[in-house]
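# Topology and contacts: notes
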4 protein chains.
Amino acid sequence: MSERRSVSTVRVRYAETDQMGVVYHANYLVYMEEGRTRMMAELGLPYHELERAGWALVVRKAEVRYRAGARYGDEVLVRTRVERLGGASILLRYELERSADGTLLATGSTELACVDLKDPARAPTMLPEHLRSGLS
Amino acid sequence: MSERRSVSTVRVRYAETDQMGVVYHANYLVYMEEGRTRMMAELGLPYHELERAGWALVVRKAEVRYRAGARYGDEVLVRTRVERLGGASILLRYELERSADGTLLATGSTELACVDLKDPARAPTMLPEHLRSGLS
Amino acid sequence: MSERRSVSTVRVRYAETDQMGVVYHANYLVYMEEGRTRMMAELGLPYHELERAGWALVVRKAEVRYRAGARYGDEVLVRTRVERLGGASILLRYELERSADGTLLATGSTELACVDLKDPARAPTMLPEHLRSGLS
Amino acid sequence: MSERRSVSTVRVRYAETDQMGVVYHANYLVYMEEGRTRMMAELGLPYHELERAGWALVVRKAEVRYRAGARYGDEVLVRTRVERLGGASILLRYELERSADGTLLATGSTELACVDLKDPARAPTMLPEHLRSGLS
């Protein structure tokens, strides 16, 4: 099995900085979401179509380790890869670096559970087959 | 008819500042929404109950004039008042000031249209009677 | 004088939606900022360099008129143009439309004052000459 | 040593929801920050004063485990406690629950390093003594 990977870029917005002069820490979770959005689009399974089909990928756990602060105007490279693929969940891992000089900004992971949008509070449901096979 | 007014307070969060060291300008719209949320709760018509009942108040126009920058840790006073009450829309006006010294931070307004959540794209619907009478 | 214009695109993020299923209204101000950021980069005067040189463009007034809701996954076209160029301020006007079908989503404007970052509370300062000539 | 704890409340804003109808996952980090801001204020060491004195607490690691979705209008209780206090860093742990029914919404932690604002990129500096003694 070849490992599934994806690379996307995000340009830091002024709105995303805080008074310390760097990107506010919660926004790295948004950048990581940009990473998985891009990965799914590359697989031919855009996330908004997954939702229209009645499923959602809900974040069950998120973790970020901050290494260096991204700054306004920086282009950030988001590397996303599938670390583990379960029946009803996915573990993704991310590396964020500054494009200009390759500085590692942050690493992180999210565990996503697949739920049925008709009842999001219910137990996770099996990942749709085309998503499973696309990701593996 | 006595004019309908409401006062609420917001504490500036670190997340809301930007690298200029003041609150990012778009966040004043969020503070203004806090103002109208509080006004509706005081009227006994919390906005989340309005939505549960099938209506929404959609922002059709917003305007903010910035006077001075709010800073992290500031308590901001949001004064909200009904400026005009139409059949299917409301015009609210806001004044934001720093509690500590009364500095005027911003003034603004929002025009809200009442829509039927079963079809939000449709033309505005009449304001529910209890909302109209509460606001007037 | 040919009118100065710029076009940029923004992809709607999940983080930018709200429970009504459309982009939260304050985020259009962020999209408009993406528009002027792009315009300035095209002029060879990236905003982060302006700040490094000791100036800032501070929003003094903002206005948005909402026409239709942008949705998650939409590509939004932001057209930015200089409407008025004063000695110490700029009035920009924006049109946002959904790329896929040309639907007009919002129109808006921002008035920006040029301030000296060594003392942002002071009166506006003259626009740097290369910015003035670039924008006009 | 009695364990240091603090409890604060946050009211969910419309701006914080996403199209799934619950609070967008990154915003739990903002709620957790509200928890530590309150804890520091209770200690008589408001965070904005710490920054004015030349220090900052920078997030080095953050982790959130999501249990149930907070909804617009919910009051969220944020319980914050010091889990570990090092020479130059603090580990805080958080529990978020819905006030109305005690439902556990999320648990999480942040590791904060104390840095010297004159050079935030430098190695962590020792926690100021009054902060150390207040937290322990």
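Everything that follows concerns the structure shown earlier in this document.
Rules behind the numbers
Residues numbered from 1 in each chain as written. Chains lettered and ligands numbered in written order. Predicted model: local features only at pLDDT ≥ 70, side-chain atom pairs only at ≥ 80, totals over all residues. Heavy atoms only, no water. Contact = heavy atoms within 4.5 Å. Buried area = accessible area lost by both parts, 1.4 Å probe. Polar contact = N/O pair within 3.5 Å; in protein donor to acceptor, adjacent residues only side chain to side chain. Helix = DSSP H or I, 4+ residues; strand = E, 2+ residues; numbered from the N terminus. Nonpolar A, V, L, I, M, F, W, Y, C, P; charged D, E, K, R; others polar. Pairing = 2+ DSSP bridges. Salt bridge = Lys/Arg side-chain N within 4 Å of Asp/Glu carboxyl O. Axes fitted to C-alpha atoms, helices over the stretch in contact; angles between N-to-C directions. Least-squares fit on C-alpha atoms with pLDDT ≥ 70 in both. 1 Å grid on protein atoms, 1.4 Å probe; cavity = no way out; pocket = protein on both sides within 12 Å on 5 of 7 lines; lining within 4 Å. Points joined across faces, edges and corners; volume = space filled by probe spheres on them.

Moving on to the interface of chain A and chain D. Taken together, the contact between chain A and chain D spans 23 residues of the former and 23 residues of the latter. Taking both sides of the interface into account, the surface hidden between chain A and chain D amounts to around 2,000 Å²; carbon and sulfur atoms contribute 56%. On the chain A side of the contact with chain D, Met20(A), His25(A) and Tyr66(A) bury the most area, a combined 26% of that side's loss. Run the count over chain A and chain D and you get 8 residue pairs in polar contact (both at pLDDT 80 or more). Of all the elements in the fold, those that place two or more residues in the side of chain A that touches chain D are α1 (27–42), α2 (47–52) and β2 (55–66) of chain A. Here the side of chain A that touches chain D gets 11 residues from one element, more than from any other, and that element is β2(A). Of the residues contributing to the side of chain A that touches chain D, the split by class is 14 nonpolar, 2 polar and 7 charged. With 5 bridges joining them, β2(A) and strand β2 (residues 55–66) of chain D adopt antiparallel strand pairing. Bridge assignment links Lys61(A) to a residue of β2(D), and that residue is Arg65(D).

Attention now goes to the interface of chain C and chain A. Listed by partner, the interface residues are 15 residues for chain C and 15 residues for chain A. Broken down residue by residue, the surface that chain C buries against chain A is led by Arg13(C), Tyr14(C) and Tyr72(C), which jointly contribute 46%. At the junction of chain C and chain A, the tally comes to 4 salt bridges. A salt bridge links Glu16(A) to Arg13(C); the shortest N-O distance between them is 2.9 Å.

Taken together, 10 strands build an open sheet; the order of strands is β1(A)-β3(A)-β4(A)-β5(A)-β2(A)-β2(D)-β5(D)-β4(D)-β3(D)-β1(D) and the sheet is antiparallel. Each edge of the sheet is formed by a strand with only one pairing partner; in this case those strands are β1 (5–11) of chain A together with β1 (5–11) of chain D. Taken over all neighbouring pairs, the strand axes of this sheet differ in orientation by 25° on average, direction set aside. Lying over the sheet, α1(A) contacts β1, β2, β3 (75–85), β4 (89–98) and β5 (104–116) of chain A together with β2 of chain D, oriented at roughly 130° with respect to β1(A). Helix α1 (residues 27–42) of chain D contacts β2 of chain A together with β1, β2, β3 (75–85), β4 (89–98) and β5 (104–116) of chain D of the sheet and is inclined by roughly 130° relative to β1(D).

At an RMSD of 0.0 Å, chain A and chain D line up after a rotation of 180° and a shift of 0.0 Å along the axis. Here the copies are linked by what is in effect a two-fold axis. It is Glu63(A) whose C-alpha, among those of chain A, lies nearest the rotation axis, at 2.2 Å. Interface overlap between copies is the fraction of interface residues in one copy that are interface residues in the other; for chain A against chain D it reaches 100%, indicating a shared surface.

Taken as rigid bodies, chain C and chain A are interconverted by a rotation of 180° and an axial shift of 0.0 Å, the fit giving an RMSD of 0.0 Å. Comparing interface residues between copies, 100% of those in chain C also lie at the interface in chain A; the contact surface is shared.

A full pass over the atoms with the stated rule returns 6 cavities of 30 Å³ or more. Volume-wise, the largest cavity comes out at about 750 Å³. As for the largest cavity, its lining consists of 31 residues, and the residues nearest its centre are Asn27(A), Ala15(B), Asn27(B), Asn27(C) and Asn27(D). At the level of elements, α1 of chain A, α1 (27–42) of chain B, α1 (27–42) of chain C together with α1 of chain D are the ones that each hand at least two residues to the lining of the largest cavity. For the lining of the largest cavity, the element with the most residues is α1(A), which contributes 3 residues.

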